[in-house]
Amino acid sequence: DLRSNRLDVAAVRPLASLLAAHPGLRRLRLGCVSCPGGRDDRNRLDGASVGRLEAALGGLTRLTTLDISGWGFGAQGAGHVARILGQMGDVTELDLRCNDLGSGEAAAALAGALTRMDKMTRLDLRGNNLGAEAAAALAGALGRMDKMTWLNLSDNEIEGEAAAALAGALGRMDKMTWLNLSFTNLSIDDAVTPLIPSLATMPALRHLSLFHGPPFPDHVRARVAAAAAAAEITWPFSQRSP
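Treat the numbers as computed from the prediction; the structure is a model and nothing was measured. (Residues numbered from 1 in each chain as written. Predicted model: local features only at pLDDT ≥ 70, side-chain atom pairs only at ≥ 80, totals over all residues. Heavy atoms only, no water.)

Visitor: Please explain the pattern of salt bridges as it appears in this structure.
Guide: Pairing between side chains of opposite charge can happen when the charged atoms of each approach one another. One pass over the structure, following the stated rule, counts seven salt bridges. A salt bridge links aspartate 124 to arginine 97, with the shortest nitrogen-to-oxygen separation between them at 3.7 Å. One end of the pair, aspartate 124, is in strand S4 (residues 122-124); the other, arginine 97, is in the loop between strand S3 (93-95) and helix H4 (104-115), with 27 residues separating them in the sequence. The exposure class assigned to aspartate 124 is buried, which follows from its relative accessible area of 4%. It is possible to trace a salt-bridge network through shared partners that takes in Asp95, Arg97, Asp124 and Arg126. (Salt bridge = Lys/Arg side-chain N within 4 Å of Asp/Glu carboxyl O. Helix = DSSP H or I, 4+ residues; strand = E, 2+ residues; numbered from the N terminus. Buried < 20%, exposed > 50% of the residue type's maximum accessible area, 1.4 Å probe, protein only.)

Visitor: What is the right way to look at the packing of aromatic side chains in this model?
Guide: Two measures describe an aromatic ring pair: the distance that separates the ring centres and the angle between the ring planes. Scanning the entire structure with this criterion turns up three aromatic pairs. Ring centres of tryptophan 150 and tryptophan 178 lie 4.4 Å apart, and the angle between their planes is 5 degrees; this geometry places the pair in the stacked category. Within this pair, whereas tryptophan 150 is found in strand S5 (residues 150-152), its partner tryptophan 178 is found in strand S6 (residues 178-180), the two being separated by 28 residues in sequence. Overall, the relative accessible area of 23% leaves tryptophan 178 in the partly exposed class. With a centroid separation of 5.3 Å and an interplanar angle of 65 degrees, the aromatic rings of phenylalanine 183 and phenylalanine 211 are classed as edge-to-face. Placement of the pair is phenylalanine 183 in the loop between S6 and helix H7 (196-199) and phenylalanine 211 in the loop between strand S7 (207-209) and helix H8 (218-227), with a sequence separation of 28 residues. (Phe/Tyr/Trp six-rings, centres within 6.5 Å; stacked < 30°, edge-to-face > 60°.)

Next up, the structure:
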């Protein structure tokens, strides 16, 4: 576990050597404990750094858990990360939060690799500025992850078009138990509506977070509650019971 160690470009060479010496690793955490906010001790491995680590990380083909959150590699590093992930067909838990993946270019680069990661059960994409273009690029890959039980899409620009793009993918995740859609724009202009049929296909769902934002209209709230009948739902503050 090497999370939040202030690793930067100067650490790339020794880190690559360390990883190359342990090809049998099953779990690797190189991200941040909490990002953004709080202590600024996250690892700062930008797009160029990812490129220099590509060979070492790509050789860890037995990984089942990978955390590269908070690097902020964006479009510059997305291609390198895609090639790394393309070697990791056994990964079941992947943390990609806070990596500036909102551009269609970055999301499209990752989509091909994620499409092959159909063993995924836990995926964290929060805080990536994902909007309609990125959601459309990722939807096909997410739709293949039918073993997913835990998905965090919070703190993204998910509005009507993005919700519509993701609806089909979420509708295939019938094993989902925990879904976070907070800090998005789903309560604006009935943007959550395309996702309601998807929620109804998740009989195991026990937690749904829709925290933050303006209140949902009563008729929309009622439909969401009916679709996710077995789940504990976290609503915006203004709609919580006293």
